[in-house]
Amino acid sequence: MAMTTGFYAREADAVDLIYERGWTDGLPVVPPTEARVTAMLEAVSLDFEDVLGVVSERSRAITAGKLAVNAVMAGALPEHFGVILAAVRALLNPSVNLNAMTTSTGGPAPLLIVSGAVGDRIGMNSGGNALGPGNRANICIGRTIRLLILNVLGSTPGLLDGATLGHPGKLSYAFAESDPPDSWGTLREDLGYPAHWSVVVAVGAEAPRQVSNAINPDPRAILTTIAAAIACPANNIAGHPTAIGGECVVVLGPEHADSIRHAGWSRSDVREFLYENTILTRRELREAGRLLDDDADEADRLPTLTGPEGLLLVTAGGYGGRWSAVIPAWAPVNTTKHATHPLEQTIPDEELACDIDGSCTLFEE
Amino acid sequence: MAKPVFILDPRETDSPVELDRPAPLASLEGARLALLDNRKPGAGTLLAALGEILVRDCGVAETSASQKESAGREVASELVAQIASWATAAVTGIGDCAACTASSFRDATALERAGVRTVLLITEPFVGIRDRIAQMAGLPGYPAVVLRHPISILTPQALAGEAERVAGEVAMGLVAMSAPEVA
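The structure presented is a predicted model; accordingly, all values stated were derived computationally and were not measured.

**A word on the overall build of chain A**
- Looking only at helices and strands, chain A features 12 helices and 15 strands.
- Taken over C-alpha atoms, the radius of gyration comes to 21 Å for chain A, in line with the 21 Å a tight globule of 365 residues would show.
- In terms of overall dimensions, chain A has a C-alpha envelope of 65 × 45 × 45 Å along the principal axes.
- The buried share among the 365 residues of chain A stands at 58%.
- Contacts spanning at least 24 positions in sequence make up 77% of the contacts within chain A whose residues lie at least 6 apart.
- In the form shown here, chain A has an accessible surface area of approximately 14500 Å², with 52% of it arising from carbon and sulfur atoms.
- Positive and negative side-chain charges in chain A, numbering 25 and 44 respectively, have mean positions lying 6 Å apart.

In structure tokens, the structure reads:
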């Protein structure tokens, strides 16, 4: 099926007609005309029918064409489409569990973190309000995924999307990493990618919890405050009796990051500290109202994180305040785990081998 | 007057897949019943109680309980093969959340593809999720036995009572010439 399904309308009427058909997330959309969709596809040299992957639980394939239609509707520009494509390929990784994420009563959203130079190149925001409004690339890239979930995967709120509450990130949830100075490292390097590549990291995520510590510059103090937000018994990854643990994104604001970096802490020091200081005891969980169906020792330790590697550390945000944010995965790692996909166009040819399904690996030396 | 433009449809259409459900058993007498627990609170207790009732009342010969990795993921193919190598019938659940229901539906159809007649257990708020996911899979009307909700807060005694309440319907789903009525 090429670009043959749809309807004719005057462009001025199209927005209301699209509302009537239930194809939007509640906001007005840009009418997806053939010219706009073609421009989107040309930006990545793909055809309308090219299949990006299959969500077998939904009996649905995701094609480049339908993705482009939804990207146009979201307000994205052709230069955003490479990042959108990488985001979809990351989300199609079975580890993310897109089917459960887009059905769950837990109401998670696909969080997209763009790490690498492509973020700046396409105008994404990694500074002040990185998690908020004001930037077309951030908002429209994230919104494209929401519309894809609605229109291609069929997750209509109240029908197949069974979220009890949902959260605002379900409208759009994308931002770029701000590479820290002094070669402190980046998220993509933590995940094993070269610094000169750009990648999209996808996480099935709860809403962000902003963390304030404005008066104590000690790294241990800042991280202890952040740890309290991660190990909050209300988080779904905290305190499962099976002690599996989950993943959590920590967005370090620049002033917190500066204090930590200047004190000589490495990224791995931060991850180790946050892993060790987010382990809860059964007693703490019981005191917080969580019922545990066993009679194990009350002092037994239940990790909130899978390990230090379960902490995804990102730097972003603006100067002028001492804030960070904690974004827990919506479920433990036996249900969901982040996935990463590189943007092929940011990788030198001699470093890359890509399979036909879009999965790419470094050439072995 | 402005010229009309063609607005492209952003949706994907359903792509039904074939499933010939295994025939109902002639009776549960001598049956080997697999109980697939999705790890939701109360699921193991309710399934165990259900197994005991079907042994007591319907002549099931043996039951075997197993757990899948996560309520939010489809059962591993290795576990399906293991169950199918032994069981003549199965009960799976409990779909008492949206993602759990979508996943347990997949578990039930995976077991049935492997030749094991299966009854899916869900709770009342997730009938609509079952309806939609079954329709997308090309299996509209795929049956489920519907439990009271919320099931996760019930005591073991109350779970046993719920098992007693639905045991007949579960047995009907396994042996009847027609599936239980779609809830």
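There is more to say after this.
**Some words on the overall build of chain B**
- Helix and strand counts for chain B stand at five helices and six strands.
- Overall, chain B shows an N-to-C arrangement of helices and strands of β-β-α-β-α-β-α-β-α-β-α.
- Each principal axis of the C-alpha distribution contributes one length, and for chain B these read about 75 × 35 × 30 Å.
- Relative to its full complement of 183 residues, chain B shows a buried share of 53%.
- When contacts within chain B are restricted to residue pairs at least 6 apart in sequence, those whose partners lie at least 24 apart make up 79%.
- Surface exposure of chain B reaches about 7700 Å², of which carbon and sulfur atoms provide 53%.

**Description of the pattern of salt bridges**
Residue and element names in this part refer to chain B.
- In total, this model carries 22 salt bridges over all chains according to the counting rule given.
- For D9, the salt bridge is made with R11, and the minimal N-O distance between the two is 2.8 Å.
- Judged by its relative accessible area of 10%, D9 is buried.
- Residue R11 is classed as partly exposed on the basis of its relative accessible area of 39%.
- Residues D107 and K68 are paired through a salt bridge, measuring 2.6 Å at the closest nitrogen-oxygen approach.

**Re the packing of aromatic side chains**
- Considering all chains together, one arrives at five aromatic pairs over all chains under this definition.
- Between F105(B) and Y142(B) the ring centres are 5.3 Å apart and the planes differ by 85°, which places this aromatic pair in the edge-to-face class. Pair noted here: F105(B) is in helix α3 (residues 98–113) and Y142(B) is in the loop between α4 (127–136) and β6 (145–147), with a separation of 37 residues, a long-range link.
- The ring of F7(A) carries the charged tip of R21(A) above its face, separated from the ring centre by 3.8 Å.
- When the ring centre of W23(A) is taken as reference, the NZ or CZ atom of R21(A) above it lies at 5.9 Å.

**Considering the interface of chain A and chain B**
- Tallying the contact residues gives 47 residues for chain A and 29 residues for chain B.
- Taken together, chain A and chain B are joined by zero salt bridges.
- Across the contact surface, chain A and chain B share 18 residue pairs in polar contact (both at pLDDT 80 or more).
- Of all the secondary-structure elements, those providing two or more residues to the side of chain A that touches chain B are β1 (6–9), α1 (11–20), α2 (34–42), β3 (60–63), α3 (64–74) and α5 (98–101) of chain A.
- Classifying every residue of the side of chain A that touches chain B by side-chain character gives 21 nonpolar, 19 polar and seven charged.
- Both β1(A) and strand β1 (residues 5–8) of chain B contribute to a ladder of four bridges, which runs antiparallel.

**Side note on the confidence of the model for chain B**
Residue and element names in this part refer to chain B.
- A residue-level look at chain B finds 93% of positions with pLDDT of 70 or above and a mean pLDDT of 92.
- Averaged pLDDT values for the elements of chain B fall to 92 in α4 and rise to 98 in strand β2 (residues 32–37).
- Here the predicted complex scores 0.92 on pTM and 0.89 on ipTM.

**Structural notes on the side chain of T24(A)**
All names here are of chain A.
- Mapped onto the elements of the fold, T24 is located in the loop between α1 and α2.
- With a relative accessible area of 13%, T24 lands in the buried category.
- Among the polar contacts made by the side chain of T24, one reaches the main-chain amide nitrogen of G26 at a distance of 2.9 Å.

**A few points about the environment of V200(A)**
All names here are of chain A.
- Its place among the elements puts V200 in strand β6 (residues 199–205).
- C-alpha of V200 to C-alpha of L112: the two residues are 88 residues apart in sequence and 6.4 Å apart in space.
- Each residue touching V200, except ones within four places of it in the same chain, is listed here: V83, A86, A87, A90, L112, I113, V114, A339, T340, H341 and L343.

**Considerations on the nonpolar core**
All names here are of chain A.
- Of all hydrophobic cores here, the largest spans 66 residues; its most connected members are V37, L41, L52, I62, F81, L112 and I141.
- Here this core gets nine residues from one element, more than from any other, and that element is helix α4 (residues 81–91).
- Excluding residues that lie within four positions of it along the chain, L41 makes contacts with M3, L46, D47, F48, A64, G65, A68 and F81.

**Description of the sheet that holds strand β5 (residues 174–176) of chain A**
Residues and elements named next belong to chain A.
- Reading across from one edge, β5-β4-β6-β13 is the order of the four strands in this open sheet, with mixed pairing throughout. Each edge of the open sheet carries a strand with a single partner, namely β5 and β13 (339–342). Averaged over all neighbouring strand pairs, the angle between strand axes comes to 20°, with direction disregarded.
- With seven bridges connecting them, strand β4 (residues 109–115) and β6 associate as antiparallel partners. Along β6, the bridge assignment pairs L112 with A202.
- Against the sheet, helix α7 (residues 136–151) engages β4 and β5, with an angle of about 145° to β4.

About the cut-offs
- Residues numbered from 1 in each chain as written.
- Chains lettered and ligands numbered in written order.
- Predicted model: local features only at pLDDT ≥ 70, side-chain atom pairs only at ≥ 80, totals over all residues.
- Heavy atoms only, no water.
- Helix = DSSP H or I, 4+ residues; strand = E, 2+ residues; numbered from the N terminus.
- Rg over C-alpha atoms; globule rule 2.2 N^0.38 Å.
- Buried < 20%, exposed > 50% of the residue type's maximum accessible area, 1.4 Å probe, protein only.
- Contact = heavy atoms within 4.5 Å.
- Areas by Shrake-Rupley, 256 points an atom, 1.4 Å probe, with all protein chains shown as cover.
- Lys, Arg positive; Asp, Glu negative; His and termini not counted.
- Charge placed at Lys NZ, Arg CZ, Asp CG, Glu CD.
- Salt bridge = Lys/Arg side-chain N within 4 Å of Asp/Glu carboxyl O.
- Phe/Tyr/Trp six-rings, centres within 6.5 Å; stacked < 30°, edge-to-face > 60°.
- Lys NZ or Arg CZ within 6 Å of the ring centre and 35° of its normal.
- Polar contact = N/O pair within 3.5 Å; in protein donor to acceptor, adjacent residues only side chain to side chain.
- Nonpolar A, V, L, I, M, F, W, Y, C, P; charged D, E, K, R; others polar.
- Pairing = 2+ DSSP bridges.
- pLDDT = per-residue confidence, 0-100.
- Core = buried A, V, L, I, M, F, W, Y, C linked by side-chain atoms within 4.5 Å.
- Axes fitted to C-alpha atoms, helices over the stretch in contact; angles between N-to-C directions.

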